[in-house]
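The residues making up each chain are set out below.
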Amino acid sequence: MAELNIDFELVKNFINGDESAFNRLAVKYQEKIYWHARRMTGDHYDADEIVQEVLMVLYNKLKTFEFKSSLYTWIYTITNTRSINYLKKKKVRSFLSLDDIKNEKVEPKNIIDDLEKAQKIDMIEKALQSLPLKQREVFIMRNFDELSYEEISRIKGKSIGALKANHFHALHKIKELLKNE
Amino acid sequence: MNNNEEKFFSYLHGQMNYEEKKEFELELIKSADLNNEFNDYKKLMNIVSETKNINLSKDYSESIITEFRNRLEIKSTKKIIPNFRYAIASVIIIVVGYFSFSVLNKETPDEINSILKEYSYDELNSITKNYDFSIGLEKNFNDNDISKIDSIYKQNVSVNLIESIGSKATDYIFVNNNVADVNEYISDNDVDLIYSQLIDKQIL
């Protein structure tokens, strides 16, 4: 409840012209946005771009937010949709050879301080990227973001049965992949 | 589909009551397969939880909002620039029109000026109103050039113009070639729209 009140105050202040309130909201949620986008895309630069896109959407649309759901759920839904759209666009660009595949960017070293954890992230990211998008999405929502099937169903507008089936296949594939690591 | 995941999830996340927990632990003792499956699940969830709450470095975190503010600044600058687009477009049209006129008539600017001096305003007005641009085109371009121009117009301009200002107006402009009367049929906004479409399509 306290979280909701803080968010409400920040949104209200931002709408009333306090730009620093938006900065505080961005700082509060930017890591969550980044990690969801990063798990979906498996790439720091893509995640970085999605963070910027989501912040821009928030900046432009925050005035219309009515607190019918929590601000986090709203931001989470925007981040997820943006990530999927970004991946679809990237696929089209790569099909049309618009992206320079040869110049793949290497992630800068100063994003994650803990090297051991960075290696584990690399391992799980590779496993996630091997999953079809729908399975990857449900796996991330369920296990990293700890959402219930009911919550995922509300966000995605899909039946719980279909989500469970996607998750079952994702879990099975990831377990097999990590066994070989 | 044997899906024990919900049971595993509830157990590990402390969502089972005492009886459910005891029952599940008993099942694990009884079934070696379930036990193996649960151990694999636990290993995976350990990796997930180890990679779940990792803080981004301070430098990178701080750079996110800085980058956002920079983008916002650029975006607001871009919003101002389109206001000048029509003015720029008008200048370009005048320059292009002047050179096209010079090329079509094979005259130098000085010669044009001396010719213009010989006519009154009303005479010039009458000439421009009745001038058929297609005759000028036919005189100075061969069939191949005209079909090339026609195809560029069809591909790049006509569809968008028809969508924007309606087929009647575009027919009037481009089929009848009575360019002098355009202003009677389209508004200033439509003219602005045409300029911007031509610029967007890189015709200008």
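Okay, so let's go over this structure. Source: prediction; values computed, not measured.

Turning our attention to the overall build of chain B. Helix and strand content of chain B: 12 helices and 0 strands. Reading the helices (α) and strands (β) of chain B from amino to carboxyl end gives α-α-α-α-α-α-α-α-α-α-α-α. A sequence separation of at least 24 residues applies to 57% of the contacts in chain B between residues at least 6 apart. For chain B, the exposed surface amounts to about 14,400 Å²; the carbon and sulfur share of it is 54%.

Right, let's talk about the pattern of salt bridges for a bit. Counting across every chain of the model gives 18 salt bridges over all chains. A salt bridge links E125 of chain A to R38 of chain A; the nearest nitrogen and oxygen atoms lie 2.4 Å apart. Residue E125 of chain A is located in helix α5 (residues 115–129), and its partner R38 of chain A is located in helix α2 (residues 19–41); the two are separated by 87 residues in the primary sequence. With respect to class, E125 of chain A is no different from R38 of chain A; both count as buried. Where E25 of chain B meets K22 of chain B, a salt bridge forms, and the shortest distance between an N and an O atom there is 3.8 Å. Placement of the pair is E25 of chain B and K22 of chain B together in helix α2 (residues 18–30), with a separation of 3 residues, close to one helical turn. Through salt bridges with shared partners, a single ionic network connects E49 of chain A together with E67 and R71 of chain B.

All names here are of chain A. Structurally, the position occupied by R82 is in helix α4 (residues 71–95). In sequence terms R82 and A37 are 45 residues apart; their C-alpha atoms lie 8.4 Å from each other. With sequence-adjacent residues up to four places away left out, R82 is seen in contact with I50, E53, V54 and V57.

Looking now at the interface of chain B and chain A. Contacts between the two partners involve 32 residues from chain B, matched on the other side by 42 residues from chain A. When residues of chain B are sorted by the area they lose upon contact with chain A, I54, Y60 and F68 of chain B head the list and together hold 16% of the total. Our count for the chain B to chain A interface comes out at 6 salt bridges. Note that E49 of chain A is salt-bridged to R71 of chain B, the shortest N-O span being 2.9 Å. Along the contact surface separating chain B from chain A lie 19 residue pairs in polar contact (both at pLDDT 80 or more). Those elements giving two or more residues to the side of chain B that touches chain A turn out to be α1 (5–12), α3 (32–50) and α4 (58–80) of chain B. Looking at the side of chain B that touches chain A, the element that brings in the most residues is α4 of chain B, giving 11 residues.

In this section: the packing of α4 of chain A against helix α6 (residues 133–144) of chain A. Residues and elements named next belong to chain A. Packing of α4 against α6 leaves a shortest axis separation of 12 Å and a crossing angle of 155 degrees. Classified by the angle between their axes, α4 and α6 sit roughly antiparallel to one another. The element α4 and its partner α6 pack so that their crossing is right-handed. Counting all contacts with α4, which are made through Y76, N80, I84 and L87, the residues of α6 involved are L133, R136, E137 and M141. A class-by-class count of the residues in the contact of α4 with α6 yields 5 nonpolar, 1 polar and 2 charged.

Per the counting criterion, the structure on display carries 19 aromatic pairs over all chains. Both rings, one in F22 of chain A and one in Y59 of chain A, keep their centres 5.1 Å apart while their planes meet at 85 degrees; by these two values the pair is edge-to-face. Of the two residues, F22 of chain A sits in helix α2 while Y59 of chain A sits in helix α3 (residues 44–61), which places them 37 residues apart along the sequence. Here F22 of chain A and Y59 of chain A have matching classes, each one buried. Centroid distance Y29 of chain A to Y72 of chain A: 6.2 Å. Interplanar angle 15 degrees. Geometry classified as stacked. Residue Y29 of chain A is found in helix α2, and its partner Y72 of chain A is found in helix α4; the two are separated by 43 residues along the sequence. Cluster of aromatic residues (ring-pair linked, three or more members): F8, Y11, F24, F38 and Y41 of chain B. Between K32 of chain A and the ring centre of Y72 of chain A, over which it is positioned, the NZ or CZ distance is 5.6 Å. Its end group placed over the ring of F9 of chain B, R142 of chain A keeps NZ or CZ at 3.8 Å from the ring centre.

So, on to the packing of α2 of chain A against α6 of chain A. All names here are of chain A. Relative to each other, α2 and α6 sit at 145 degrees, their axes nearing to 10 Å. Note that α2 runs across α6; the crossing there is right-handed. Mapping the contact onto sequence places H36, R39 and M40 in α2 and L133, R136, E137, I140, M141 and F144 in α6. The residue makeup of the contact of α2 with α6, split by class, is 5 nonpolar, 1 polar and 3 charged.

Here the focus is the environment of S83 of chain A. Residues and elements named next belong to chain A. Position of S83 relative to the elements: it lies in helix α4. Distance in space between the C-alpha atoms of S83 and A47 is 8.0 Å, their sequence separation being 36 residues. Those residues in contact with S83 that lie beyond four places of it in its chain are H36, A37, M40 and I50. Of the polar contacts made by the side chain of S83, one reaches the backbone oxygen of T79; its length is 2.7 Å.

Conventions we followed
Residues numbered from 1 in each chain as written. Chains lettered and ligands numbered in written order. Predicted model: local features only at pLDDT ≥ 70, side-chain atom pairs only at ≥ 80, totals over all residues. Heavy atoms only, no water. Helix = DSSP H or I, 4+ residues; strand = E, 2+ residues; numbered from the N terminus. Contact = heavy atoms within 4.5 Å. Areas by Shrake-Rupley, 256 points an atom, 1.4 Å probe, with all protein chains shown as cover. Salt bridge = Lys/Arg side-chain N within 4 Å of Asp/Glu carboxyl O. Buried < 20%, exposed > 50% of the residue type's maximum accessible area, 1.4 Å probe, protein only. Buried area = accessible area lost by both parts, 1.4 Å probe. Polar contact = N/O pair within 3.5 Å; in protein donor to acceptor, adjacent residues only side chain to side chain. Axes fitted to C-alpha atoms, helices over the stretch in contact; angles between N-to-C directions. Parallel < 35°, antiparallel > 145°, perpendicular 65-115°, else oblique. Left-handed = near helix turned anticlockwise from the far one by under 90°. Nonpolar A, V, L, I, M, F, W, Y, C, P; charged D, E, K, R; others polar. Phe/Tyr/Trp six-rings, centres within 6.5 Å; stacked < 30°, edge-to-face > 60°. Lys NZ or Arg CZ within 6 Å of the ring centre and 35° of its normal.

Function cannot be inferred from these measures alone, as they are strictly geometric.
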